[in-house]
Amino acid sequence: MAKYRRLKFKRKNLLKGMTPEKPGIYKFYNKNGKLLYVGHTRKLRHRLQSYLQKDSFKAHPTKKALRPKIDRFYYNVMPEKKARRLEKNGKSKAKYNMW
């Protein structure tokens, strides 16, 4: 079982280097603990920071809808192929994963 690191979804947690620039999987949860979104990326810090961008006109519609609902996130560093496989398994349970 993979070990996930849990953090509050705040700008300071992403900018202080608390999230690595490595490949992995991330999960967003709301205040009630319900899974909202599962994703994988090559650079965790860059992808998570993209959800906090102020330029809403550049943001993807899913990011716009998610941003106000995210309370906390979990991430785990792992090889990209493994992250992609885990993402596919978790998407069916997440509200904002559409594919």
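Not measured: the values here are computed from a predicted model.

A. Molecular detail of the side chain of His 40. You can see His 40 is positioned in strand 3 (residues 35-41). Side-chain polar atoms of His 40 contact the side chain of Glu 87, separated by 2.4 Å. If near-sequence neighbours (up to four positions away) are discounted, His 40 is found in contact with Gly 24, Ile 25, Tyr 26, Arg 47, Glu 80, Ala 83, Arg 84 and Glu 87.

B. Summary view of the nonpolar core. Membership of the largest hydrophobic core comes to 14 residues, with the highest contact counts inside it found for Phe 9, Tyr 26, Phe 28, Leu 36, Tyr 37, Tyr 51 and Leu 66. Elements supplying a minimum of two residues to this core: strand 2 (24-29), strand 3, helix 2 (44-50) and strand 4 (72-77). Those residues within four positions of Phe 28 in sequence are excluded, and the remaining contacts are Phe 9, Lys 34, Leu 35, Leu 36, Tyr 37, Leu 48, Tyr 51, Leu 66, Ile 70, Arg 72 and Phe 73. In terms of nonpolar packing, the next biggest core, distinct from the first, is built from seven residues, Ile 25, Tyr 29, Leu 35 and Ala 94 among them.

C. How the structure looks around the pattern of salt bridges. Scanning the model with the defined rule gives four salt bridges in all. When the shortest N-O distance is used, the salt bridge between Arg 42 and Glu 80 registers 3.3 Å. With Arg 42 in the loop between strand 3 and helix 2 and Glu 80 in helix 4 (residues 80-90), this residue pair connects regions lying 38 residues apart in the sequence. Judged by its relative accessible area of 61%, Arg 42 falls in the exposed class. Of the residues examined, Glu 80 reaches a relative accessible area of 22% and is grouped as partly exposed. A salt bridge links Arg 72 to Asp 71; its shortest N-O distance comes to 3.2 Å. Side by side, Arg 72 and Asp 71 carry an identical accessibility label, which is buried.

D. Region of interest: the packing of aromatic side chains. Within the structure shown, the criterion is met by six aromatic pairs. Through successive ring pairs, a cluster of aromatic residues spans Tyr 26, Phe 28, Tyr 37, Phe 73 and Tyr 75.

The rules behind each value
- Residues numbered from 1 in each chain as written.
- Predicted model: local features only at pLDDT ≥ 70, side-chain atom pairs only at ≥ 80, totals over all residues.
- Heavy atoms only, no water.
- Helix = DSSP H or I, 4+ residues; strand = E, 2+ residues; numbered from the N terminus.
- Polar contact = N/O pair within 3.5 Å; in protein donor to acceptor, adjacent residues only side chain to side chain.
- Contact = heavy atoms within 4.5 Å.
- Core = buried A, V, L, I, M, F, W, Y, C linked by side-chain atoms within 4.5 Å.
- Buried < 20%, exposed > 50% of the residue type's maximum accessible area, 1.4 Å probe, protein only.
- Salt bridge = Lys/Arg side-chain N within 4 Å of Asp/Glu carboxyl O.
- Phe/Tyr/Trp six-rings, centres within 6.5 Å; stacked < 30°, edge-to-face > 60°.

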